[in-house]
Amino acid sequence: MMRYPKSGGGWPAVWYTLRKAREAGGIFKMWKALQSKNACKTCALGMGGQKGGMVNEVGGWPEVCKKSLQAMAADMQAGIPDDFWSTYSVPQLQKFSPLQMESAGRIVKPLLYEQGQDYYRPISWEDALQRITRRLSDLSADETFWYFSGRSSNEAGFSLQLFARLLGTNNVNNCSYYCHQASGVGLTSAIGSGTASVVLDDVEHADLVFVIGGNPPSNHPRLMTTLMHVRQRGGEVVVVNPVIEKGLVNFRVPSNVRSLLWGTKIATTYVQPHIGGDLALLTGIAKRIDEMGAQDAAFLEQFCEGHEAWLAELRQTDWGEIQRKSGVSRAEIDEMAEKYAAAKNVVFSWTMGITHHEHGVDNVQAIANLALMRGMVGRPHAGLLPIRGHSNVQGIGSVGVTPQLKAAIFERLQSHYELTLPTTPGLDTLGCMEAAHAGRLKLGFCLGGNLFGSNPDSRYAAEALESLDTLVMLNTTLNTGHANGLAKETIVLPVLARDEEAYTTTQESMFNYVRLSDGGPRRHDGPRGEVEVIAQIAAEVLGESGPVDWQAMADTNQIRGMIARVIPGYEQIADIASSKTEFQIGGRTFHQPQFSTPSGRAVLHVHRLPELRGEEDELRLMTVRSEGQFNTVVYEETDIYRGQDRRDVILLHPDDVQRLGLAENDRVEVSSETGTLPGILVRPFEGIRAGNALMYFPEANVLVSRAADAKSKTPAFKGVLVRIHKPTVELQGVS
Ligand SMILES: Nc1nc2c(c(=O)[nH]1)N[C@H]1C(S)=C(S)[C@@H](COP(=O)(O)OP(=O)(O)OC[C@H]3O[C@@H](n4cnc5c(=O)[nH]c(N)nc54)[C@H](O)[C@@H]3O)O[C@H]1N2
Ligand SMILES: Nc1nc2c(c(=O)[nH]1)N[C@H]1C(S)=C(S)[C@@H](COP(=O)(O)OP(=O)(O)OC[C@H]3O[C@@H](n4cnc5c(=O)[nH]c(N)nc54)[C@H](O)[C@@H]3O)O[C@H]1N2
Ligand SMILES: [Mo]
């Protein structure tokens, strides 16, 4: 078994980098690939673009990141040979692990699978496109749905959602519904804008950064450099997480020699609430600030509304309730409040530990309440920062990939282009799965991602997708969604990655900064550019006489012209390909307390504090990423920062292991109201708060129910209740 390390980052990350480079055809080849002027493919921190692959928005260089290498190496794989498809049947592929699927290579030919057959077979582009256009022409638009992952470009996102709407449906949504939707909804309700209120430079200058419910050492490694800078300047970092993520305690930033050798202490305070305890904890910090009289009363009075009711509620909330529902002691809450009260410039950042709950929006509003209370929104070096996931998930949302178009976009599309757009509510992602399961949808179209693998309740997800007549997926590599949940007719179209496209594209970082990607030489003959594929299908289905010239929409300059006219804040995108000027989106980041809410004031919201979930014999389970994966794509089976050598494990606090009569490496069955996973190994893990458990997604999605936050429709991926059963001795012998 592996050791639980003392720090994150450091030499293992550097060695890994060198090994990956060698696998991908040599260090020089990899270096060149990373230097190309394309936005980084992994998280939404927004590296690369015109400054070159390893430079961030404030010009920091070089930012070596193991993750961008993994993504790059994946795209540099050889093509899947034709005989793969006659060698492995779909039932065999269902037994493949996510790592085996990913390592099969690049998809280079369109593929067809028909229910009743055992194998996929490669087909021609002509055949594939004809099948798709024929189906689309035969269906009524509301029998279709359109799912977008966050790695495609703004241009592909914009044109595909436009096509779906011109067909007549608003069943258009993106992976954000399983990710930061609660942040978008919560922030909009509080400050009138759904994205970060700060830029990277603000975080660099903060003297206190809260990192709530996230694991940036693994998932946003480049943020660690910024946190290191905050510490080096004497600032503080407060971490709120039921798990001690080693890299948040000590991180060896590879691009800094001193840090690489000795490590940098990151957290100044580390608080471990129970899973789901954040709302009570955040309320507790606010209550203490109020008791200390440390709020900015003038700011609340002048720029906010709802604060009176909120303060009244805080004052009558009982300390006992706050401690019971958060699992955090009064002393720890007081310490956090004192730090907050003493700081001048505070940034609150958060990730999936906040959004993946049935009260995800409430959590986000509670963070906003706390920030507004001391006037930390609407001025430099302080503010709110949802740490976004996919490299362009935010851009996909900005350019209209949501069921309802924003009013301004809707109006401009109608008035500038005389388009007739549907006015139906449209379905979110979970809504589409449920409608498919009920037999109301016939065709699903997925621009990237792994819709099956990202869903809660895997069995239900498979049933839903299997009941479709047609499922179309545009992908670069294989994932579990190509083996499970296959429709009567399933068509996979191979596409180019953004650094292989023959044209320029754009991406939006989580700091609302638009990056330009130059594209680059293709690595394989078969795959096509996403934008070309979309334009071709749309031209075929909608004909050439409609209001949009779909032939011309194969040119990203043409698409950007439309985006510039209809997407607020995106005006400068029109000539970005020639100007090469990347830009900050207008009206998003604000350093003045002017809020785009209906009243122009920020709004504080009152919440009911949820009880911690679970009975005595149950554990609260979080389903999370390991160090070696990117969402449903697994690059390596190990999770080095948590000291795990495999993925079929459940991490429990040693006290729980003992309390439940278990021992290390016992093979157990983990069950929830939704499903059961047999053959899971028990791993004592001192880093987790007792009463809670950790497993890896996507494998653990069998256990996750479809219960979702009513306000954001985000499933509670971190709020699963499970029981552990130890099979009898005989059974254990058999397994
Ligand atoms: N390398 C890599 N990078 C990625 C990704 C990846 O898979 N791999 N995915 C990308 C995407 S799409 C996203 S959305 C982000 C995800 O980034 P993260 O949100 O960091 O990802 P998770 O693994 O879901 O980790 C959630 C963290 O929340 C904590 N947590 C769980 N439950 C709770 C809770 O109730 N309260 C609190 N306070 N904390 C809790 C967990 O201990 C864990 O540290 O990363 C992006 N970047
Ligand atoms: N239990 C549990 N479930 C979760 C989560 C969790 O924490 N726990 N996290 C949720 C979150 S935050 C998210 S964002 C979703 C992730 O959901 P998705 O975004 O749907 O899934 P990914 O695994 O990121 O998709 C990976 C696939 O994208 C394709 N791809 C890569 N690059 C490109 C490209 O340039 N173009 C195209 N067309 N395809 C490309 C590859 O084929 C790859 O297999 O999962 C959610 N599900
Ligand atoms: Mo995400």
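Residues numbered from 1 in each chain as written. Chains lettered and ligands numbered in written order. Predicted model: local features only at pLDDT ≥ 70, side-chain atom pairs only at ≥ 80, totals over all residues. Heavy atoms only, no water.

Caption draft 1: Main features of the overall build of the protein chain. For the protein chain, the helix and strand inventory stands at 31 helices and 28 strands. Projected onto its principal axes, the C-alpha coordinates of the protein chain cover approximately 70 × 70 × 50 Å. Within the protein chain, the fraction of its 735 residues that count as buried is 64%. In the protein chain, the share of contacts with a sequence separation of at least 24, taken over all contacts with a separation of at least 6, comes to 78%. Summing over all exposed atoms, the protein chain offers an accessible surface of approximately 25600 Å²; the carbon and sulfur share of this is 50%. Within the protein chain, one finds 72 positive and 82 negative side-chain charges whose respective centroids are separated by 4 Å. (Helix = DSSP H or I, 4+ residues; strand = E, 2+ residues; numbered from the N terminus. Buried < 20%, exposed > 50% of the residue type's maximum accessible area, 1.4 Å probe, protein only. Contact = heavy atoms within 4.5 Å. Areas by Shrake-Rupley, 256 points an atom, 1.4 Å probe, with all protein chains shown as cover. Lys, Arg positive; Asp, Glu negative; His and termini not counted. Charge placed at Lys NZ, Arg CZ, Asp CG, Glu CD.)

Caption draft 2: Highlighting the packing of helix α8 (residues 154–167) against helix α28 (residues 556–566). Running from N to C, α8 and α28 cross one another at 75 degrees; their axes reach a closest spacing of 10 Å. One way to sum up the angle between α8 and α28 is to call them roughly perpendicular. Residue-level contacts link N154, E155, F158, S159 and L162 of α8 to T556, I559, R560, M562, I563 and V566 of α28. Tallied by class, the residues present in the contact of α8 with α28 amount to 6 nonpolar, 3 polar and 2 charged. (Axes fitted to C-alpha atoms, helices over the stretch in contact; angles between N-to-C directions. Parallel < 35°, antiparallel > 145°, perpendicular 65-115°, else oblique. Nonpolar A, V, L, I, M, F, W, Y, C, P; charged D, E, K, R; others polar.)

Caption draft 3: Just the site of ligand 1, in detail. As a matter of local geometry, ligand 1 sits amid 30 residues, with N241, E245, D278, Q629 and N631 nearest to it. N219 is positioned with one of its backbone polar atoms (N or O) 2.8 Å from a nitrogen atom of ligand 1. Here an oxygen atom of ligand 1 sits 2.9 Å away from a polar atom, N or O, in the main chain of R625. Taken together, the elements giving at least two residues each to the shell around ligand 1 come down to α11 (216–219), α20 (352–355), β21 (619–624) and β22 (629–630). (Near = heavy atom within 4 Å. Polar contact = N/O pair within 3.5 Å; in protein donor to acceptor, adjacent residues only side chain to side chain.)

Caption draft 4: Looking closely at the pattern of salt bridges. Taken as a whole and judged by the stated rule, the model has 38 salt bridges. Between E500 and R523 there is a salt bridge whose closest N-O contact spans 2.8 Å. Of the two residues, E500 is situated in the loop between β16 (489–494) and β17 (505–508) and R523 in the loop between β18 (513–517) and α27 (530–542); the sequence distance between them amounts to 23 residues. Among the charged side chains, a salt-bridge network with shared partners connects K41, D75, R106, D499, E500 and R523. (Salt bridge = Lys/Arg side-chain N within 4 Å of Asp/Glu carboxyl O.)

Caption draft 5: Spotlight on the site of ligand 2. Near ligand 2, the surroundings consist of 29 residues, among which Y147, S149, E530, T632 and N701 are the closest. Residue T477 places a main-chain N or O atom 2.7 Å away from an oxygen atom belonging to ligand 2. Between ligand 2 and the protein, one listed contact pairs an oxygen atom with a side-chain N or O atom of N479 at 2.7 Å. In the complex, 97% of the free accessible area of ligand 2, which totals 920 Å², lies under the protein chains. Looking at the shell around ligand 2 residue by residue, the classes come out as 10 nonpolar, 15 polar and 4 charged. Shared between two domains, the shell around ligand 2 takes at least three residues from each, and those domains are domain 2 (98–179 + 392–584) and domain 4 (619–731). (Domains from an automatic or database assignment.)

Caption draft 6: A look at the packing of aromatic side chains. Within this structure, the stated rule accounts for 16 aromatic pairs. Both rings, one in W146 and one in F445, keep their centres 4.9 Å apart while their planes meet at 25 degrees; by these two values the pair is stacked. Linking W146 in strand β4 (residues 144–148) with F445 in strand β14 (residues 443–447), this pair joins segments that are 299 residues apart in sequence. Look at F445 and you get buried, because its relative accessible area is 1%. Between the aromatic rings of Y570 and F583, the centroid separation amounts to 6.2 Å while the plane-to-plane angle is 90 degrees, which identifies the pairing as edge-to-face. Highlighted residues: Y570 in the loop between α28 and α29 (576–579) and F583 in strand β19 (residues 583–584), separated in sequence by 13 residues. Each of the two residues, Y570 as well as F583, counts as buried. (Phe/Tyr/Trp six-rings, centres within 6.5 Å; stacked < 30°, edge-to-face > 60°.)

Caption draft 7: Here's a closer look at helix α2 (residues 27–35). Of the positions making up α2, those classed as buried are M30, A33 and L34. Angular distribution of buried residues about the axis of α2 spans 95 degrees; they occupy a single face of the element. Facing away from the buried side of α2 by more than 90 degrees, the exposed set consists of F28 and K32. (Arc of directions from axis to C-beta.)

Caption draft 8: Quick peek at the domain arrangement of the protein chain. The domain boundaries assigned to the protein chain delineate domain 1 (8–75), domain 2 (98–179 + 392–584), domain 3 (181–387) and domain 4 (619–731). Computed over C-alpha atoms only, the centres of domain 3 and domain 4 are separated by 26 Å. Facing 28 residues of domain 3, the contacting portion of domain 4 comprises 27 residues. Surface buried jointly by domain 3 and domain 4 totals about 2200 Å² across both partners, of which 53% is contributed by carbon and sulfur atoms. The largest share of the area that domain 3 buries against domain 4 comes from I275, H356 and E358, three residues that together contribute 30% of it. Linking domain 3 with domain 4 are 2 salt bridges. (Buried area = accessible area lost by both parts, 1.4 Å probe.)

Caption draft 9: A look at unusual backbone geometry. In this structure, the amide linkage connecting F697 to the following residue, P698, adopts the cis form with an omega of 10 degrees. Within the secondary structure, P698 sits in the loop between β27 (692–696) and β28 (720–725). Not every positive phi belongs to a glycine, and D457 is a case in point at roughly 50 degrees. Tracing the sequence through the fold places D457 in the loop between α25 (451–454) and α26 (458–466). A positive phi angle is found at K713, which is not glycine, with a value near 65 degrees. Locating K713 in the fold gives a position in the loop between β27 and β28. A relative accessible area of 37% places K713 in the partly exposed class.

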